[in-house]
Amino acid sequence: DAGVTQSPTHLIKTRGQQVTLRCSPKSGHDTVSWYQQALGQGPQFIFQYYEEEERQRGNFPDRFSGHQFPNYSSELNVNALLLGDSALYLCASSPNPGPGYEQYFGPGTRLTVT
Amino acid sequence: AQSVTQLDSQVPVFEEAPVELRCNYSSSVSVYLFWYVQYPNQGLQLLLKYLSGSTLVKGINGFEAEFNKSQTSFHLRKPSVHISDTAEYFCAVSDRDQAGTALIFGKGTTLSVSS
C-alpha cells in the first residue's frame, strides 16, 4: 500500500514565476491538506481539500490556490513567486475531513525561489 | 487562536538515557494534541495523540506523553533512547470543534542521541 506521494521532489523557480505541486493521497483517504515548512520552522497549514472543494484555509494569500480531482489527488499552485516562498511543501492525507484523525504526510517538495 | 511553544530547540542526550521534550500550548478552545517525528529528508510521522480519556498516552517506538490541562502542557517522554531516535520532533494542536483538519505546529525540537 503506497503512502502519500508528492512530485516533484525538488524544484527551482525564479521570482514572479508560477509553480504547481502534486500530491496523491494514501489509498482510502479522501481528504488532502497542504502545509508549508520553512527552514528551521514547524509546518504551517495552507488549506484542506475535501470533495473537490477547499474546506479550510490558513493565513496564506490568494497567490496560493489548489485543486482536488475526483480520484482525490490534489495540486497546489503558487503564483507570482517570492523569495519567501522557498520552503518544503508537505501534503498530508486523512480518511476523514474532521479534526482528530491521523494525517499521513508525504516526503514533501523542496521549492527554491531565486 | 491556538499556539504551541516547544521549550527546547535542541536536546542532546546519550544513548540509553531518558529524555523529555517539552510542549506548552495556548488555546481559548478545547484541543486535540499530537506529537509528530520527522526524520531527515522524510515527511512527518505520528508518534501519538491525545483525544480524550486517560491523560497518559502511549505511542509508537516506546514514546509516551502526558496531557496536563491545568498547565496546558503535553510533554513527550522516553525512558531509554536509541541512536535511531535522532530526529526532529513536533508538537501540534487542533481545535476540537473546527470543521477541518488544520494542525498548528510548534517550531520543533531537535533530539540528538549520541553513543
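Before reading on, note that the structure itself is shown above.
None of these values were measured; they are calculated from a predicted model.

1. Topic: the overall build of chain A
For step 1, the next point in the chain: Scanning chain A from terminus to terminus reveals zero helices and eleven strands.
For step 2, the next point in the chain: For 114 residues, the compact-globule estimate of 2.2 N^0.38 gives 13 Å, and chain A sits close to it at 13 Å.
For step 3, the next point in the chain: Expressed along its principal axes, the backbone C-alpha trace of chain A runs to roughly 40 × 25 × 25 Å.
For step 4, the next point in the chain: Out of the 114 residues in chain A, the part that is buried amounts to 51%.

2. Some words on the layout of surface pockets
For step 1, the next point in the chain: If you add up the space inside the largest pocket, you get close to 440 Å³.
For step 2, the next point in the chain: Considering the residues around the largest pocket, the lining is formed by 22 residues, among which Leu 88 and Arg 110 of chain A together with Gln 38, Pro 40 and Asn 41 of chain B are closest to the centre.
For step 3, the next point in the chain: Counting residues per element, the ones that place at least two in the lining of the largest pocket are strand 10 (87-95) and strand 12 (109-114) of chain B.
For step 4, the next point in the chain: The element best represented in the lining of the largest pocket is strand 10 of chain B, accounting for three residues.
For step 5, the next point in the chain: Its residues assigned to classes, the lining of the largest pocket comprises nine nonpolar, eleven polar and two charged.
For step 6, the next point in the chain: Taken as a whole, the second largest pocket spans an internal volume of roughly 280 Å³.
For step 7, the next point in the chain: Lining the second largest pocket are 14 residues, with Pro 43, Gln 44 and Phe 45 of chain A together with Ile 104 and Phe 105 of chain B sitting closest to its centre.
For step 8, the next point in the chain: Listed by contribution, the elements that provide at least two residues to the lining of the second largest pocket are strand 5 (44-50) of chain A together with strand 11 (104-105) of chain B.
For step 9, the next point in the chain: Of the residues in the lining of the second largest pocket, the class split is seven nonpolar, six polar and one charged.

3. Focus: the interface of chain B and chain A
For step 1, the next point in the chain: Taken together, the contact pairs 23 residues of chain B with 25 residues of chain A.
For step 2, the next point in the chain: At the surface where chain B touches chain A, the tally comes to zero salt bridges.
For step 3, the next point in the chain: Contributions of two or more residues to the side of chain B that touches chain A are made by strand 5 (31-38), strand 6 (44-50) and strand 10 of chain B.
For step 4, the next point in the chain: It is strand 5 of chain B that contributes the most residues to the side of chain B that touches chain A, four residues altogether.
For step 5, the next point in the chain: Residues of the side of chain B that touches chain A, tallied by class, amount to eleven nonpolar, eight polar and four charged.

4. Some remarks on the packing of aromatic side chains
For step 1, the next point in the chain: Considering all chains together, one arrives at 13 aromatic pairs over all chains under this definition.
For step 2, the next point in the chain: When the centroid spacing of 6.3 Å and the interplanar angle of 75 degrees are considered together, the rings of Phe 105 of chain A and Phe 105 of chain B count as edge-to-face. Here Phe 105 of chain A is found in strand 10 (residues 104-105), whereas its partner Phe 105 of chain B is found in strand 11 on a different chain. Accessibility assignment for this pair places Phe 105 of chain A and Phe 105 of chain B in one class, buried.
For step 3, the next point in the chain: Joined through ring pairs, the aromatic side chains of Tyr 35, Phe 45 and Phe 105 of chain A together with Phe 34, Tyr 36, Phe 90 and Phe 105 of chain B make up one cluster.
For step 4, the next point in the chain: Between Lys 26 of chain A and the ring centre of Tyr 104 of chain A, over which it is positioned, the NZ or CZ distance is 5.1 Å.

5. Let's talk about the sheet that holds strand 8 (residues 74-78) of chain A
All names here are of chain A.
For step 1, the next point in the chain: Read from one edge of the open sheet, four strands run 1-3-8-7, paired in antiparallel fashion. With one partner strand each, in any of the chains shown, strand 1 (5-7) and strand 7 (64-68) form the two edges of the open sheet. Strand-to-strand twist in this sheet, taken as the mean axis angle between neighbours without regard to direction, amounts to 20 degrees.
For step 2, the next point in the chain: When strand 3 (residues 19-24) meets strand 8, the two strands line up antiparallel, connected through five bridges. Residue pairing for strand 8: Leu 21 is matched across the bridge by Leu 76.

6. Description of the state of the cysteines
As used in these notes, a disulfide is a covalent bond between sulfur atoms, one from each of two cysteines.
For step 1, the next point in the chain: Per the stated rule, a full pass over the model turns up two disulfides over all chains.
For step 2, the next point in the chain: Across the disulfide, Cys 23 of chain A is cross-linked to Cys 91 of chain A (sulfur-sulfur distance 1.8 Å). Between Cys 23 of chain A and Cys 91 of chain A, the S-S torsion sits near -60 degrees, and that sign places the bridge as left-handed. Of this pair, Cys 23 of chain A sits in strand 3 while Cys 91 of chain A sits in strand 9 (residues 87-94), placing them 68 residues apart in sequence.
For step 3, the next point in the chain: Cys 23 of chain A gets classed as buried once you look at its relative accessible area, which sits at 2%.
For step 4, the next point in the chain: Overall, Cys 91 of chain A belongs to the buried group, its relative accessible area being 0%.
For step 5, the next point in the chain: Between Cys 23 of chain B and Cys 91 of chain B runs a disulfide, and the two sulfur atoms are separated by 2.0 Å. Its torsion about the S-S bond being -65 degrees, the disulfide of Cys 23 of chain B and Cys 91 of chain B is classed as left-handed. You can see Cys 23 of chain B sitting in strand 4 (residues 23-26) and its partner Cys 91 of chain B sitting in strand 10, a full 68 residues away along the chain. The exposure classification of Cys 23 of chain B matches that of Cys 91 of chain B, with both residues buried.

Definitions and limits used
- Residues numbered from 1 in each chain as written.
- Chains lettered and ligands numbered in written order.
- Predicted model: local features only at pLDDT ≥ 70, side-chain atom pairs only at ≥ 80, totals over all residues.
- Heavy atoms only, no water.
- Helix = DSSP H or I, 4+ residues; strand = E, 2+ residues; numbered from the N terminus.
- Rg over C-alpha atoms; globule rule 2.2 N^0.38 Å.
- Buried < 20%, exposed > 50% of the residue type's maximum accessible area, 1.4 Å probe, protein only.
- 1 Å grid on protein atoms, 1.4 Å probe; cavity = no way out; pocket = protein on both sides within 12 Å on 5 of 7 lines; lining within 4 Å.
- Points joined across faces, edges and corners; volume = space filled by probe spheres on them.
- Nonpolar A, V, L, I, M, F, W, Y, C, P; charged D, E, K, R; others polar.
- Contact = heavy atoms within 4.5 Å.
- Salt bridge = Lys/Arg side-chain N within 4 Å of Asp/Glu carboxyl O.
- Phe/Tyr/Trp six-rings, centres within 6.5 Å; stacked < 30°, edge-to-face > 60°.
- Lys NZ or Arg CZ within 6 Å of the ring centre and 35° of its normal.
- Pairing = 2+ DSSP bridges.
- Axes fitted to C-alpha atoms, helices over the stretch in contact; angles between N-to-C directions.
- Disulfide = S-S within 2.5 Å.

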